[in-house]
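Coordinate inspection notes
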Amino acid sequence: MANEGNAQAMIRLAELYMEGDVVELDKEEAVKWYRKGAELGDEMAQYELATCYHEGKGVEEDQEESAKWMLKAAENGSNRSVQWAMGRYYQEGWGVEKNPAEAVKWFERSAKKGLALAKYYLAMCYMNGDGVQKDEAKGEQLLEEAADMTRVDKILALCADGVRSPVQTAAV
């Protein structure tokens, strides 16, 4: 299926090579398959390829190439974690010019989709006036929202795993 242009199959094959599961560990081969999926426009393949360049896994570390692929993935717009990651690139200046206001934009996109971690980073931006006008009250509000979201995520995870019923979990 990967040879037939199926991006999901390409990603799975890349994962197998990256982890050395079922096939012999070959990070360069993994990057080849991530790249093929990324070039087809698959958001997760683009994200994984960006991560490979960011961490130097299977390729030489290249922050600019990493940022290029991360931006493509983030602009696809469906994955809140990818959008948060793009915010981190702008916040830290990984392969892009450091731009706190642009980081805030990506954190906001991700937070609107319900990522508690993005709300936390956004809160820190408001608390410190990093990329936005300093507003400690808004920062505290966002921290509370992130904490509430985290509790709800934990409750849902426990219920989904069958560890507790929703009633038992309400006390968490």
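To be clear, the structure that these remarks concern was listed above.
Residues numbered from 1 in each chain as written. Predicted model: local features only at pLDDT ≥ 70, side-chain atom pairs only at ≥ 80, totals over all residues. Heavy atoms only, no water.

Overview of a negative patch on the surface
On the surface, Glu 60, Glu 61, Asp 62 and Glu 64 cluster together to form a negatively charged patch. Structurally, Asp 62 can be placed in the loop between α3 (43–55) and α4 (63–76). (Patch = residues over 30% accessible without salt bridge, like charges linked within 9 Å, V, L, I, M, F, W, Y side chains within 5 Å. Areas by Shrake-Rupley, 256 points an atom, 1.4 Å probe, with all protein chains shown as cover. Salt bridge = Lys/Arg side-chain N within 4 Å of Asp/Glu carboxyl O. Lys, Arg positive; Asp, Glu negative; His and termini not counted. Charge placed at Lys NZ, Arg CZ, Asp CG, Glu CD. Helix = DSSP H or I, 4+ residues; strand = E, 2+ residues; numbered from the N terminus.)

Concerning the pattern of salt bridges
One pass over the structure, following the stated rule, counts 8 salt bridges. As a salt-bridge pair, Arg 12 and Glu 15 come within 3.2 Å of each other at their nearest N and O atoms. In this pair, Arg 12 and Glu 15 are both assigned in helix α1 (residues 7–19), 3 residues apart and thus about one turn of the helix distant. Using a relative accessible area of 24% as the deciding quantity, one classes Glu 15 as partly exposed. (Buried < 20%, exposed > 50% of the residue type's maximum accessible area, 1.4 Å probe, protein only.)

Topic: helix α7 (residues 116–128)
Taking 1.5 Å of rise per residue, 13 residues should cover 18 Å, and α7 covers 18 Å from first to last C-alpha, within 8% of that figure. Regarding α7, the residues found buried are Ala 116, Ala 118, Lys 119, Tyr 121, Leu 122, Ala 123, Cys 125, Tyr 126 and Met 127. Trailing α7 by a residue or two, Gly 129 shows a phi angle of about 65 degrees, which is positive. (Expected span 1.5 Å × (residues − 1).)

What to know about the packing of aromatic side chains
Evaluation of the coordinates by the stated rule reveals 4 aromatic pairs. Taking 5.5 Å as the distance between ring centres and 70 degrees as the angle between the ring planes, the aromatic pair formed by Trp 84 and Tyr 121 counts as edge-to-face. Here the residue Trp 84 occupies a position in helix α5 (residues 80–92), and Tyr 121 occupies one in helix α7, the gap between them amounting to 37 residues. For the pair shown, Trp 84 and Tyr 121 are each scored as buried. Between the aromatic rings of Phe 107 and Tyr 121, the centroid separation amounts to 5.4 Å while the plane-to-plane angle is 45 degrees, which identifies the pairing as tilted. Placement of the pair is Phe 107 in helix α6 (residues 100–112) and Tyr 121 in helix α7, with a sequence separation of 14 residues. For Tyr 121, a relative accessible area of 18% corresponds to the buried category. Through a chain of ring-to-ring contacts, three or more aromatic side chains come together here, namely Trp 84, Phe 107, Tyr 120 and Tyr 121. We note Lys 36 situated over the ring of Trp 33; from NZ or CZ to the ring centre the distance is 4.5 Å. Over the face of the ring belonging to Trp 69 we find Lys 72, whose NZ or CZ atom lies 4.8 Å from the ring centre. (Phe/Tyr/Trp six-rings, centres within 6.5 Å; stacked < 30°, edge-to-face > 60°. Lys NZ or Arg CZ within 6 Å of the ring centre and 35° of its normal.)

Here we look at the environment of Ala 137
Position of Ala 137 among the secondary structure elements: in helix α8 (residues 136–160). For Ala 137, a relative accessible area of 56% translates into the label exposed. Sequence spacing of Ala 137 and Met 127 is 10 residues, and the spatial spacing of their C-alpha atoms is 7.9 Å.

Observations concerning the nonpolar core
Ranked by internal contacts, the top residues of the largest apolar core, which has 41 residues, are Tyr 34, Leu 49, Met 70, Trp 84, Met 86, Phe 107 and Leu 122. Listed by contribution, the elements that provide at least two residues to this core are α1, α2 (27–39), α3, α4, α5, α6 and α7. The contact partners of Tyr 34, leaving out residues within four places of it in the chain, are Ile 11, Ala 14, Glu 15, Met 18, Ala 45, Glu 48, Leu 49 and Cys 52. (Core = buried A, V, L, I, M, F, W, Y, C linked by side-chain atoms within 4.5 Å. Contact = heavy atoms within 4.5 Å.)

Quick look at the side chain of Ser 66
Examined against the element boundaries, Ser 66 turns out to sit in helix α4. A polar side-chain atom of Ser 66 sits 2.7 Å from the main-chain carbonyl oxygen of Ala 50. There is a polar contact of 2.5 Å between the side chain of Ser 66 and the side chain of Tyr 89. If near-sequence neighbours (up to four positions away) are discounted, Ser 66 is found in contact with Ala 50, Tyr 53, His 54 and Tyr 89. (Polar contact = N/O pair within 3.5 Å; in protein donor to acceptor, adjacent residues only side chain to side chain.)

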